[in-house]
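Descriptive analysis of the structure
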Amino acid sequence: MVTKETDNFNIEQICISGQCFRMEPIDGSTYSVVAGGRYVEITQEGKSCTFCCAEEEYESFWRHYFDLDEDYGAYIKNIDVKDDYLRSAALLGSGIRILRQDLWEMTASFLISQQNNITRIRRCISNICETYGEKRESTSGRVYYTFPEPEALAELEEDALKECNLGYRSKYVVRTARSIAYGEVNLDHIRSLSYPEAKAELLKLYGVGDKVADCICLFGLHHLDAFPVDTHISQALKAHYRRGFPKRRYKGYRGVMQQYIFYYELNGKR
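Residues numbered from 1 in each chain as written. Predicted model: local features only at pLDDT ≥ 70, side-chain atom pairs only at ≥ 80, totals over all residues. Heavy atoms only, no water.

Turning our eyes to something else, we now look at the environment of W62. Here W62 shows up in helix α2 (residues 55-65). Judged by relative accessible area, W62 falls into the buried class, the value being 0%. For W62 and A160, which are 98 residues apart along the polypeptide, the C-alpha to C-alpha distance reads 33 Å. Non-local contacts of W62, meaning those with residues more than four positions away in its chain, are made with V33, A35, R38, Y39, V40, F51, C53 and E57. There is a polar contact of 2.8 Å between the side chain of W62 and the side chain of E57. (Helix = DSSP H or I, 4+ residues; strand = E, 2+ residues; numbered from the N terminus. Buried < 20%, exposed > 50% of the residue type's maximum accessible area, 1.4 Å probe, protein only. Contact = heavy atoms within 4.5 Å. Polar contact = N/O pair within 3.5 Å; in protein donor to acceptor, adjacent residues only side chain to side chain.)

Another aspect to go through is the packing of helix α4 (residues 84-92) against helix α13 (residues 254-267). Helix packing geometry: the angle between the two helix axes and the distance between the axes. For the pair α4 and α13, interaxial distance at closest approach is 8 Å and the crossing angle is 80°. The orientation of α4 relative to α13 falls into the category roughly perpendicular. Only M257, Y260, I261, Y263, Y264, E265 and N267 of α13 make contact with α4, whose side of the interface consists of Y85, L86, S88, A89, A90 and L92. For the contact of α4 with α13, the residue count by class is ten nonpolar, two polar and one charged. (Axes fitted to C-alpha atoms, helices over the stretch in contact; angles between N-to-C directions. Parallel < 35°, antiparallel > 145°, perpendicular 65-115°, else oblique. Nonpolar A, V, L, I, M, F, W, Y, C, P; charged D, E, K, R; others polar.)

Moving on: the packing of helix α5 (residues 103-112) against helix α8 (residues 169-181). Axis separation between α5 and α8 bottoms out at 9 Å; the angle between their running directions is 160°. With respect to their mutual orientation, α5 and α8 come out roughly antiparallel. In this structure, α5 meets α8 at a crossing whose hand is right-handed. On α8, the residues that touch W104, T107, A108, L111 and I112 of α5 are R169, Y172, V173, T176, A177 and I180. Considered class by class, the residues forming the contact of α5 with α8 number eight nonpolar, two polar and one charged. (Left-handed = near helix turned anticlockwise from the far one by under 90°.)

The subject of this paragraph is the packing of aromatic side chains. The full count for this structure, using the stated rule, is 22 aromatic pairs. The interplanar angle of 15° and the centroid separation of 4.8 Å between the aromatic rings of Y75 and Y253 together place this pair among those described as stacked. With Y75 in helix α3 (residues 72-77) and Y253 in the loop between α12 (231-240) and α13, this residue pair connects regions lying 178 residues apart in the sequence. Between the aromatic rings of Y168 and Y172, the centroid separation amounts to 5.8 Å while the plane-to-plane angle is 85°, which identifies the pairing as edge-to-face. Residue Y168 is classed as partly exposed on the basis of its relative accessible area of 37%. Among the residues examined, Y172 registers a relative accessible area of 15% and is labelled buried. Through a chain of ring-to-ring contacts, three or more aromatic side chains come together here, namely Y72, Y75, Y85, F227, Y241, F245, Y250, Y253 and Y264. Lying across the ring of F61, R38 places its NZ or CZ 4.2 Å from the centre. (Phe/Tyr/Trp six-rings, centres within 6.5 Å; stacked < 30°, edge-to-face > 60°. Lys NZ or Arg CZ within 6 Å of the ring centre and 35° of its normal.)

Given below as structure tokens:
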């Protein structure tokens, strides 16, 4: 076990922030996470977080995955003091961090996310992993499944993933898996590109539109200037930023601000 004290980190907020779909609560303060073929359980009490893994695995993977070396407090401090809405959003979601997730998994996940809600997206991804992923067992004895590689989905019929509740999105995921598996799309090349270049390449994929491309850039490539606009964000911008969101002010971390707004729109008005 590894215990760390971290500012601006809240595992519950991250879990329901809409950026990851393989994180879930085990009990009131403990969450499980499956990422990169690994499994970890995290228990948080205040600023103290205990990661149920070896120190080496924490340092080599989970520390980077949760972006724990970045100072999110500095992002919050730089918010315009006159912007009461954004300051309220950041205050509510101050424990959110932009995870460093796998590019292929995020591509498939956000293809699935279209016209979908978070609960159903989680179920779809769980179905895909249990059907086509690799079954593994954690050191604590808990069974989990890896996210299937593109090759595992490339030979499927286009409608095969309807059995996993994807509906019309099945063909999006299968065709994209084929493009990657057959070498038509090189993910390593996309990882090397700037945000605008990467987005342009992602938009060439079947089923990828502007919002999905930005989600992949933000959550799969860690391009923090990506600012995905879905219906929740669009409504917030119309209500609070009629002249447009001040992206120039938040250059280099616009996507962090987007996450605060998204979280606030979903959880701040209950």
